[in-house]
Structures are given as C-alpha cells and as structure tokens.
Amino acid sequence: PEYGFLRVRYRSDGVLRQMMALPNNYWPGIAARLLSMSRLDAGEDASARDGRFTVALGTRRYGFHIFCQETTHGKRLIARINELDREILPLEQLGLANGALATLRLMIARPVGLIIVAGPHDSGKTTTLYSMLCYRNDESVSVVTIEDPARHPVSLVQQTVIREGTEPNFAARIRSMMRQDADLMLIGELDDKETGEAVLAAAGNGHQIFTTVKANCAVAALTRMLELGIKPRAMAGKITGIVSQRLVRRLCRSCRQPYAPTKAERQLLGITTREPKSLYRPGVCEECDFVGYQGRIGIFEVLKIGKGIDEMISREATCHDVNKAAREAGFKILADDAIRLVLAGETSLSEASRVVDLTDRF
C-alpha cells in the first residue's frame, strides 16, 4: 500500500516489475482474504507474521508463503509462490561449466561428509540441492530429508517436515536419523549453532549431508558457520565442498542484439582488441514481453575442500587467505563464471554486473 493507492508488483526472473495500481479501498478485502487463507488474524496488528496455504490449478499445485508487515500505509503482503510438482532438473541442466560439474560429481560421489550450497535468498539453492539429491538417490541408498516445508516430492526419499519452535527440533531430528540407518540426509538450511553441530557430527560419523547456508560466496559460508558459534576444529575434516551460486537473466534469443565491446569492456572481460568478439545486449520483442530477457541461468563456484584448505579451516584462516589458496589451485569464482556466460552470449554484461561484483577485474 502507498498513499492513496495500492501497488502490485511481480518479481519476474528476479527483478521487480509493477503490474498494476489499484484504489486503496480494494486493499482491506484483498488483505483479509489472503490472511484468512494463510490462517492469520486479519485484525491483529503484529509487526511481522507469516503463514502458508496451497492452491490447486488444474493438475498443478502451488504453495504460497505469505509474509505480513505493518507499514505507515497499512499491511504490506509478500507472497512467495512455489510450484510443488515441478520437475527437478538434472545436474547437467543447471548450467554448470564442465570443470565445475565434474568437481561437483566427485564431491557427491564421496559417501560421507557435508556438502553446502551457499547463496542469498532467491539464488536457486533449493533447485541445486534437489538436483544433487536426485543424482545420488537410488534403491541402494537410504535417503531422508528434514525440511520446513518439503519443497518437492521425491520418490524413494523419506521426507519429513519440522516447524520452527516444535519438538523435536532440527538438531534432535538429525541425531534421531543418525540411528535410523540414513546414508544421506538433506537438511533444508543450517542457520543455528545446534543444527550446525548436529550436521557436522553426522558428517563425521559415516553420513553424507546436503544443506544450504545463506552466504555471499563459497568461502564466506565457512565464515557464516563460525559466526553461528561452530568451532573451527569441529568443521575440519568434515566438509567435502561448497557450491555457491546466483541466478542471472538469460538474453532473449529472438531479440538480443550483437555489438562491438568498448575498450573498458574488453579490459573487464579479459579479451584483446585483436579478438573479433561480439557481445550481446537486450532488445525488445513480444516473445520476452519487451524486457529483453527470458528465463534465468545459474552461475556457480564449486570449492572442493582438500587437505590444504582443511588445515586452514582448523586454524581459522581469513577468507582472503582461503580464497587465495583456492584460486592458486584453480578455483573459479562467481565472477569468472558470469564472464563465461557473457562471452557465450547467454547474458549481457550489464546483467552480470547487476548480480556479481566485477569491479576488481579492472
């Protein structure tokens, strides 16, 4: 709600677009309906609340996670919409470069240890997590998940849901699963010390664990675990690797426009003036709704934790030192992968710059 009107925006491919503006007298009825479906009290003026409901449209089911926040102009509602029966992408279709894909497969092939998928909100972590799960899943492996909520149904997998504040909590459920013949456990998110310690204990006792952490890059995921209060020695020897990712918009194939890069752009991309390399920028057409982009693709960095980095973790080395050691061993960061997609014509330089920091390449 704004002063005198109601603004409705959709986040399409990660970017907000205003779709309509309505008179503000529409809002009380709309808000009351959404809050009622979410089992929230429309008359309550709490500072922040959230609820959930499911809608079936034809053969498809959609989960709505509604957030309510009081503002100076009334209740602000945000709906996160998730297609529950969406097909899970195989690893090969996530957009990983060949080297990164091979490294991730090696990490998943290890039967024990912790694999972390890192990134901010709306970076595709859950998609990657489920792709990894399905890559490993078969009848010879006992697979369980502990989630809030279960995002996608998966055959041959025992999926459990636990709500925050209920008993047993995530850590207790993880310890219970360790005694129930679980080879692989998927934990929705690692966001507190008790859960982190339980996850690492399971990883050190013959289990393979997949989980997510909110962090800006692969190395920052290690720092995030330290911030939660997890001791470096508890982490050492138990982390197989970390995948960090973002989503960039893919250029519309029908209207993308080639152009010759400027000197500054060539310097940023690391291409010489002798290379007849054309870049692409967005155009406009009906197929992409005159935006210039259609769909998104992932950019990744895959950090395999070897003995050298493991030793640095145990002595709590700085992010800079860990990142430097990894780069010297061939580690490609998010910016490198973003540039790869720019040169391939998959996305534009402006879009890559919107999602990752490219300034240190000058």
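You'll find the structure just up there.
A few words on the pattern of salt bridges. For the structure on display, the rule yields 17 salt bridges. Of the charged contacts, one joins arginine 250 and glutamate 346 as a salt bridge, the two residues approaching to 2.8 Å between their closest N and O atoms. Taken together, the positions of arginine 250 in strand S11 (residues 239-251) and glutamate 346 in the loop between helix H11 (334-343) and helix H12 (349-355) put the pair 96 residues apart, joining distant regions of the chain. Here glutamate 346 falls in the buried class, since its relative accessible area comes to 16%. With a closest N to O distance of 2.4 Å, arginine 327 and aspartate 336 form a salt bridge. Beyond isolated ion pairs, a larger network of salt bridges with shared partners links Arg249, Glu351 and Arg354.

Turning next to the pairing of strand S3 (residues 48-57). Of the pairings in the sheet, the one linking S3 to strand S4 (residues 60-71) comprises 10 bridges and is antiparallel in character. Following the sheet pairing, arginine 52 is matched in S4 by histidine 65. The hairpin turn running from S3 into S4, its antiparallel successor, is 2 residues long, and glycine 58 in that turn takes a positive phi close to 65°.

To continue, consider the pairing of strand S5 (residues 74-83). Sheet topology note: the S4/S5 ladder contains 10 bridges and is antiparallel. Across the sheet, glutamine 69 pairs through a bridge with arginine 76, a residue of S5. Linkage of S4 to S5, two consecutive antiparallel strands, is achieved through a turn of 2 residues.

Okay, the side chain of glutamate 351 next. By secondary structure assignment, the location of glutamate 351 is in helix H12. In contact with glutamate 351, not counting residues within four places along its chain, are Val248, Arg249 and Tyr293.

It is worth spelling out the packing of aromatic side chains at this point. Taken as a whole and assessed by the stated rule, the structure comprises 1 aromatic pair. Seen in terms of ring centroids, phenylalanine 53 and phenylalanine 64 are 4.9 Å apart; in terms of plane orientation they differ by 10°. Their pairing is stacked. In this pair, phenylalanine 53 is assigned in strand S3 and phenylalanine 64 in strand S4, connecting sequence segments 11 residues apart. As far as burial versus exposure is concerned, phenylalanine 53 and phenylalanine 64 are alike and both buried. Across the ring face of tyrosine 293, the terminal group of arginine 249 is positioned such that the distance to the ring centre comes to 4.1 Å. The aromatic ring of tyrosine 280 is capped on one face by arginine 256, whose charged end is 4.0 Å from the ring centroid.

What counts, and where the lines are drawn
Residues numbered from 1 in each chain as written. Predicted model: local features only at pLDDT ≥ 70, side-chain atom pairs only at ≥ 80, totals over all residues. Heavy atoms only, no water. Salt bridge = Lys/Arg side-chain N within 4 Å of Asp/Glu carboxyl O. Helix = DSSP H or I, 4+ residues; strand = E, 2+ residues; numbered from the N terminus. Buried < 20%, exposed > 50% of the residue type's maximum accessible area, 1.4 Å probe, protein only. Pairing = 2+ DSSP bridges. Contact = heavy atoms within 4.5 Å. Phe/Tyr/Trp six-rings, centres within 6.5 Å; stacked < 30°, edge-to-face > 60°. Lys NZ or Arg CZ within 6 Å of the ring centre and 35° of its normal.

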